[in-house]
Amino acid sequence: MNKQMLVTEINRLRKERNAVILAHYYQEADIQEIADFVGDSLELSKKAASTNADVIVFAGVHFMAETAKILNPGKTVLLPDMNAGCSLADGCLAEDFSKMKAEHPNHKVVTYINCSAEIKALSDIVCTSSNAKKIIESFPEEQPILFAPDRNLGKYLQKETNRNLLLWDGSCIVHEAFSLDKLITLYKQHPGAEIVAHPESESQILNVASYVGSTSGMLNYIRNSETKVFIVATEAGILHQLSKDVPGKTLIAAPVYDDNTCACSECAFMKLNTLEKLYRCLLNNSPEIRITDELRHKALIPIQRMLELS
């Protein structure tokens, strides 16, 4: 089936099933183009919580679709490829995290949304990169905090909030791929450029950035800036939406370490979803995200706390 036929069939099935397609900015361009809504983790969580659709097709990774199911137990939530995981979520297992939490009983637990439902259920509140600073600052200064699973985001939050957070040792393989030496070389070729970076990146990348923020934060910054050239240190999928929003500006993906890969950083998990798989999941009503009621209720509490603060 060619691309146009896939698009036609997806649109037909979407209408028949009263389905909404939510896509993260890191999805391939064809999926972003057909989605009802494209956003970052916080925006997608809010959209999932408010949709009237009977079926949610979440073009993202597993923890995102799982969050949508937690917020919508009565709806069918589909993920085009069930293998679309996340290095952060996969690197923080509930059994191991439970032990760390038990060793620090006086700590409040703040977890980045890039984690499993089991980790969310062990949390006091969830955050995204958009609202993490606000959520950390919602606790009294004297309150010790355990932050998981991203150590780079945690280090950034320590600097921004002047809090001494206890950090789980996890990271995003996409955002740790950027090469500072190559970034500096690229900047010298474009001396008038501004570097914008996601806080999941390592500190040496954040230190040279003009702006550090969430995916949506970077989008808004670039849209509103007078600067004409930007080097963007996050997953390269963001450039699709940006190129449409700011056609008069030059957007350059930040370079990565490995000379044997593409020049930009791409999330292999995000790219597992394709237009063909999106069509088939709507056609077959599968793969479907399922979660037990007990786990859902436990994981829902910290998510709701986040949404109330956001």
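Residues numbered from 1 in each chain as written. Predicted model: local features only at pLDDT ≥ 70, side-chain atom pairs only at ≥ 80, totals over all residues. Heavy atoms only, no water.

Student: Mind showing me how you'd approach empty space enclosed by the protein here?
Tutor: Under the defined criterion, the tally for this structure stands at two cavities of 30 Å³ or more. Estimated volume of the largest cavity: approximately 250 Å³. Every residue lining the largest cavity is counted, 28 residues in all, and those nearest its centre are Tyr26, Met64, Asn114, Glu200 and Met270. The residue makeup of the lining of the largest cavity, split by class, is 13 nonpolar, twelve polar and three charged. Quantified by volume, the second largest cavity comes out at close to 60 Å³. Surrounding the second largest cavity, Ser41, Leu44, Ser45, Ala48, Phe58, Phe63, Met64, Thr67, Ala68 and Ile113 form its lining. Residue assignment for the lining of the second largest cavity shows that the elements contributing at least two residues are α3 (41-50) and α4 (62-71). Tallied by class, residues from the lining of the second largest cavity come to seven nonpolar, three polar and no charged. (1 Å grid on protein atoms, 1.4 Å probe; cavity = no way out; pocket = protein on both sides within 12 Å on 5 of 7 lines; lining within 4 Å. Points joined across faces, edges and corners; volume = space filled by probe spheres on them. Nonpolar A, V, L, I, M, F, W, Y, C, P; charged D, E, K, R; others polar. Helix = DSSP H or I, 4+ residues; strand = E, 2+ residues; numbered from the N terminus.)

Student: Please explain the nonpolar core as it appears in this structure.
Tutor: As a rule of thumb, nonpolar side chains are buried together in soluble globular proteins. Val110 and Phe147 are the most contacted members of the largest nonpolar core, which totals 96 residues. A total of six residues in this core trace back to one element, the largest contributor, which is α4. Setting aside its immediate chain neighbours within four residues, Val110 contacts Ile125, Cys127, Ile135, Ile136, Phe139, Ile145, Leu146, Phe147 and Ala148. If you look at the next biggest cluster of nonpolar residues, it comprises ten residues, including Cys115, Ile119, Ala148 and Trp168. (Core = buried A, V, L, I, M, F, W, Y, C linked by side-chain atoms within 4.5 Å. Buried < 20%, exposed > 50% of the residue type's maximum accessible area, 1.4 Å probe, protein only. Contact = heavy atoms within 4.5 Å.)

Student: Whenever I open this one, the packing of aromatic side chains confuses me. Can you help?
Tutor: Two numbers describe a pair of aromatic rings. These are the distance of the centres and the angle of the planes. Evaluation of the coordinates by the stated rule reveals two aromatic pairs. Each ring, one from Phe97 and one from Trp168, has its centre 5.7 Å from the other, and the planes form 70°; the classification is edge-to-face. Taken as a pair, Phe97 in helix α6 (residues 94-103) and Trp168 in the loop between β8 (166-167) and α10 (180-189) lie far apart in primary sequence, 71 residues in all. (Phe/Tyr/Trp six-rings, centres within 6.5 Å; stacked < 30°, edge-to-face > 60°.)

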